[in-house]
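Descriptive structure summary
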Amino acid sequence: MSSNIETINIIKEISGVNPLRCMKCGKCTASCMAYDEMDIKPHQFVSYIERGDLESLMLSESLYKCLGCFACVERCPRNVQPGKLIDAVRQTVIRQRGAEGMTTEEIRQLITQEVPQQLLVSAFRRNRR
Ligand code: SF4
Ligand code: SF4
């Protein structure tokens, strides 16, 4: 549990998100273009972090459905930036997975004509760190 708290604190630090600023207005979720695909919605991400439920977030499909468009970041009236929180949780999962992550060749094989260009751009932005 204490390592969970430490990880949550690291996630808050690298994302710059303070969940206590959230006023639960739902504007982030209302502006999310991946809404239908997300099992945990952007505003819920903030609430999960606030109550310390990291496991659910780390298992969430939303980590891989979020397009990284940051519409939720722009729409938030309290500058909570839920998209950055999702990004930070996804990075944490990838780092913990270590060598089990995908290789460049495996990714290349998954790219088809149907893959939205926006997804490729946001994936590039996330993974070139
Ligand atoms: S960054 Fe992700 S969570 Fe935020 S609006 Fe875009 S798709 Fe939705
Ligand atoms: S838009 Fe901002 S303040 Fe409103 S629910 Fe989303 S994170 Fe919270």
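Residues numbered from 1 in each chain as written. Chains lettered and ligands numbered in written order. Predicted model: local features only at pLDDT ≥ 70, side-chain atom pairs only at ≥ 80, totals over all residues. Heavy atoms only, no water.

Side note on a nonpolar patch on the surface
A cluster of nonpolar residues, I107, I111, L119 and L120, forms a patch on the protein surface that exposes about 290 Å² of accessible area. Note that I111 resides in the loop between helix 8 (104-110) and helix 9 (117-127). (Patch = residues over 30% accessible without salt bridge, like charges linked within 9 Å, V, L, I, M, F, W, Y side chains within 5 Å. Areas by Shrake-Rupley, 256 points an atom, 1.4 Å probe, with all protein chains shown as cover. Salt bridge = Lys/Arg side-chain N within 4 Å of Asp/Glu carboxyl O. Helix = DSSP H or I, 4+ residues; strand = E, 2+ residues; numbered from the N terminus.)

Focus: the packing of aromatic side chains
Throughout the structure, instances matching the rule amount to 0 aromatic pairs. One residue, K41, lies across the ring of Y35, its end atom 4.0 Å from the ring centre. Between the NZ or CZ atom of R51 and the centre of the ring of Y48, over which it lies, the distance is 4.3 Å. (Phe/Tyr/Trp six-rings, centres within 6.5 Å; stacked < 30°, edge-to-face > 60°. Lys NZ or Arg CZ within 6 Å of the ring centre and 35° of its normal.)

Here's the deal with the site of ligand 2
What surrounds ligand 2 is the set C22, M23, K24, C25, G26, K27, C28, H43, C76, P77, R78 and V80. Tallied by class, the residues present in the shell around ligand 2 amount to 7 nonpolar, 2 polar and 3 charged. (Near = heavy atom within 4 Å. Nonpolar A, V, L, I, M, F, W, Y, C, P; charged D, E, K, R; others polar.)

Notes on unusual backbone geometry
Positioned with a positive phi, F70 is a non-glycine residue whose angle comes to about 65 degrees. The residue F70 is located in the loop between helix 5 (62-65) and helix 6 (71-75) in this model. Residue class for F70 comes out partly exposed when judged on its relative accessible area of 21%. Residue Q81 is not a glycine yet carries a positive backbone phi of 65 degrees. (Buried < 20%, exposed > 50% of the residue type's maximum accessible area, 1.4 Å probe, protein only.)

Concerning the environment of C28
Within the secondary structure layout, C28 lies in helix 2 (residues 27-30). With 54 residues separating them in the primary sequence, C28 and P82 have C-alpha atoms 7.5 Å apart.

Quick look at the nonpolar core
Of all hydrophobic cores here, the largest spans 25 residues; its most connected members are I11, F45, I49, L57, L85 and V89. Take this core: its biggest share by element is 5 residues, from helix 7 (residues 82-97). The residues touching L85, leaving out its near neighbours within four places in the chain, are I11, S15, V17, F45, V46 and I49. (Core = buried A, V, L, I, M, F, W, Y, C linked by side-chain atoms within 4.5 Å. Contact = heavy atoms within 4.5 Å.)

Observations regarding the packing of helix 3 (residues 42-50) against helix 7
Interhelical geometry of helix 3 versus helix 7 gives an angle of 65 degrees and a closest axis separation of 9 Å. Judged by the twist between their axes, the crossing of helix 3 over helix 7 is left-handed. Contacts between helix 3 and helix 7 involve P42, F45, V46 and I49 on the former and, on the latter, P82, L85, I86 and V89. (Axes fitted to C-alpha atoms, helices over the stretch in contact; angles between N-to-C directions. Left-handed = near helix turned anticlockwise from the far one by under 90°.)

Remarks on the site of ligand 1
Taken together, the neighbourhood of ligand 1 is formed by C32, A34, P42, C66, L67, G68, C69, F70, A71, C72 and I86. For the shell around ligand 1, the residue count by class is 10 nonpolar, 1 polar and no charged.

Some thoughts on the confidence of the model for the protein chain
Here the protein chain averages 88 in pLDDT, and 90% of its residues register 70 or above. Across the protein chain, element-level confidence peaks in helix 2 with a mean pLDDT of 98 and bottoms out in helix 9 with 72. (pLDDT = per-residue confidence, 0-100.)

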